[in-house]
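Reading the structure
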Amino acid sequence: MRHLTGLRSADRDRIGSLLDRAQALRQAVCDGTWQSTPLAGRAIALAFFEPSTRTRCSFEVAVTRLGGHPLRFESAGSSLSKGESLLDTARLLQGVGAAVLVVRHPSSGAARFLAARLSIPVINAGDGSNEHPTQALLDLLTLRDELGTLAGRTVVIVGDVMHSRVARSNCFALRTMGAKVILAGPGTLCPPALRGLDVELGHRIDEVLPTADAIMMLRIQRERIGGAMLPQVAEYREHYGLTASRAASLAPGVPILHPAPMNRGVEVDDAAADGPSSVVFDQMANGVFVRMACLLDAVGEV
Ligand code: CP
């Protein structure tokens, strides 16, 4: 079964073929030549146990563009409040006919847990602090568009790396594709143990920015971190934020990425988020095509 629970063990061929397919789908949709409905007659469960805007909307568009039917589940208003378990909820979605389960959940490992117990493919739409593989793939597609190639490029990831499923999936995928990754952030949110991801650590943003071919800023995840781990917001911005002046100091052609939602004025200033080097909204647009590619891969459409 073609699950996509993470990118830790995805090889270069798998990542490369998903990116190539997403690029081809984008070309066909933009040219107006995309007519195919390979998911016609199939329901795709979009099970969101945690809030989402980008991932949920782009999966909905992806399913619809492929001719499928989105089967939406949101925890608010569901029988979870009556004590129904994650597994029973997922079995229900499988039982009513879902061909694929797309799942977002606050617990790390939830997607893998379900993949081991269901008889339909599972796509991880973000599980706790573990992985967010479709986000990393859309980030790689955007980086490839901007940089031409990933091999040999240096991507600097700044912020709350410890709680970031986006950063973990990006580290796995970027290293597999031959890029160098440098992480930066406060020691509490970017601890030495992260070197286990086969990356470099450089705590001072002003030392690492000049080495970057691309910058990825991360959201401060207030919902996952305790107050003791985070300096005051103003202090955080001063030491780790991509301020207007830091953005202006970047070499021309160094793209600025952020998975969003953004905390404007904290990890990224408006001038950086909306400036000419920002590709944040390109990332979001690419999400649809990456998710189309992942859905086709899951159902075995070649
Ligand atoms: N980047 C991302 O996963 O955004 P959402 O939480 O809005 O889906």
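Residues numbered from 1 in each chain as written. Predicted model: local features only at pLDDT ≥ 70, side-chain atom pairs only at ≥ 80, totals over all residues. Heavy atoms only, no water.

For the largest pocket, the calculated volume is near 370 Å³. Lining the largest pocket are 20 residues, with Arg104, Arg165, Arg219, Ala260 and Pro261 positioned closest to its centre. Looking at the lining of the largest pocket, the elements with two or more residues in it are helix H2 (54-65) and helix H6 (165-176). Considered class by class, the residues forming the lining of the largest pocket number six nonpolar, seven polar and seven charged. Estimates place the volume of the second largest pocket at around 170 Å³. Lining of the second largest pocket is provided by His3, Leu4, Thr5, Gly6, Leu7, Arg8, Ser9, Ala10, Arg14, Arg112 and Glu131. (1 Å grid on protein atoms, 1.4 Å probe; cavity = no way out; pocket = protein on both sides within 12 Å on 5 of 7 lines; lining within 4 Å. Points joined across faces, edges and corners; volume = space filled by probe spheres on them. Helix = DSSP H or I, 4+ residues; strand = E, 2+ residues; numbered from the N terminus. Nonpolar A, V, L, I, M, F, W, Y, C, P; charged D, E, K, R; others polar.)

A complete count under the given rule lists 17 salt bridges for this structure. Between arginine 91 and aspartate 88 there is a salt bridge; the shortest N-O distance is 3.8 Å. You can see arginine 91 and its partner aspartate 88 sitting in helix H3 (residues 86-95), three residues apart, about one turn around the helix. Classification of aspartate 88 as partly exposed rests on a relative accessible area of 37%. With its nearest N and O atoms 2.9 Å apart, the salt bridge here joins aspartate 198 to arginine 175. Taken together, the residues aspartate 198 in the loop between strand E6 (180-184) and strand E7 (200-201) and arginine 175 in helix H6 connect sequence positions 23 residues apart. Judged by its relative accessible area of 29%, arginine 175 is partly exposed. (Salt bridge = Lys/Arg side-chain N within 4 Å of Asp/Glu carboxyl O. Buried < 20%, exposed > 50% of the residue type's maximum accessible area, 1.4 Å probe, protein only.)

Adjacent strands of a sheet form backbone hydrogen bonds with each other and so pair up, either parallel or antiparallel. Overall, parallel pairing links the four strands, which are arranged E2-E1-E3-E4 in an open sheet. Only two strands of the sheet have a single partner each, and these edge strands are strand E2 (69-74) and strand E4 (122-127). With strand direction ignored, the average angle separating the axes of adjacent strands in the sheet is 15°. Where strand E1 (residues 43-48) lies against E2, six bridges are found, and the strand directions are parallel. By the bridge assignment, isoleucine 44 is partnered in E2 with proline 70. (Pairing = 2+ DSSP bridges. Axes fitted to C-alpha atoms, helices over the stretch in contact; angles between N-to-C directions.)

Lining the immediate environment of the ligand, one finds Ser52, Thr53, Arg54, Thr55, Arg104, His132, Gln135, Pro259 and Ala260. Side-chain polar atom of threonine 55 to an oxygen atom of the ligand: 2.6 Å apart, as the coordinates give it. In the model, a nitrogen atom of the ligand is placed 3.1 Å from a nitrogen or oxygen of the glutamine 135 side chain. Out of a free accessible area of 260 Å², the ligand has 91% covered by protein chains. Of all the cavities here, the one that holds the ligand is the largest pocket. Taken together, the residues that form the shell around the ligand break down as two nonpolar, five polar and two charged. (Near = heavy atom within 4 Å. Polar contact = N/O pair within 3.5 Å; in protein donor to acceptor, adjacent residues only side chain to side chain. Areas by Shrake-Rupley, 256 points an atom, 1.4 Å probe, with all protein chains shown as cover. Sits in = over half its atoms within 2 Å of the grid points.)

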